[in-house]
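# What the coordinates show
Here are the chains, one letter per residue:
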Amino acid sequence: MSRDEAGLHRHRIHSATTYQQLDVIHRGERWAFGGASIGLVVVLLLRVLASWCFMPDPFVSGCILVLAGLFGAWQGGMVGLTRENDKLAPCHHELE
């Protein structure tokens, strides 16, 4: 990886891929965990409040968890597209 992509191409050195330069995968994983955690809280609240509202069956609870996790992964991927990979921070002086 270099700030001079044309120089890498001139010297026939493979450059880093987009996924290596950006933080898509890492943020997607973190936000998927956060989304699933929020889904779990929603399912638990529905179970606690079962006397006042409907009680979801296990299939609906699982769907809520999966959809919340997928939504979190999607959001994290979108945020990761705007951020540089965290593992590159110690190497900034070498990239220049």
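Just so you know, these numbers come straight off a predicted model, no measurement behind them.

### Concerning the overall build of the protein chain
Scanning the protein chain from terminus to terminus reveals 5 helices and 0 strands. Going residue by residue from the N terminus, the α and β elements of the protein chain occur as α-α-α-α-α. Expressed as a percentage of the 96 residues in the protein chain, the buried residues total 25%. Put simply, 71% of the contacts in the protein chain that link residues at least 6 apart link residues at least 24 apart. Carbon together with sulfur atoms contributes 68% to the accessible area of the protein chain, which is approximately 7,100 Å² in total.

### Some details on the pattern of salt bridges
Side-chain pairing between opposite charges can occur once the charged atoms of the two side chains come close. For the structure on display, the rule yields 2 salt bridges. One salt bridge connects R27 with D23, and the closest N-O pair in it is separated by 3.1 Å. The same class applies to R27 and to D23, which are both buried. Classification of R27 by relative accessible area gives buried; the value is 15%. Taken together, the shared-partner salt bridges in this structure form one network comprising D23, R27 and D86.

### Quick word on helix α4 (residues 58–80)
Taking 1.5 Å of rise per residue, the 23 residues of α4 would be expected to cover 33 Å, and the 32 Å separating its terminal C-alpha atoms lies within 8% of that figure. Regarding α4, the residues found buried are S61, A68, G69, G72, G76, G77, V79 and G80. Each element contacted by the buried residues of α4 is listed here: α3 (24–48).

### Thoughts on the environment of V79
Relative to the helices and strands, V79 resides in helix α4. When the C-alpha atoms of V79 and W31 are compared, they prove to be 9.4 Å apart, with 48 residues separating the residues in sequence. Residue contacts for V79: discarding those within four places in its chain leaves R27 and W31.

Rules of the game
Residues numbered from 1 in each chain as written. Predicted model: local features only at pLDDT ≥ 70, side-chain atom pairs only at ≥ 80, totals over all residues. Heavy atoms only, no water. Helix = DSSP H or I, 4+ residues; strand = E, 2+ residues; numbered from the N terminus. Buried < 20%, exposed > 50% of the residue type's maximum accessible area, 1.4 Å probe, protein only. Contact = heavy atoms within 4.5 Å. Areas by Shrake-Rupley, 256 points an atom, 1.4 Å probe, with all protein chains shown as cover. Salt bridge = Lys/Arg side-chain N within 4 Å of Asp/Glu carboxyl O. Expected span 1.5 Å × (residues − 1).

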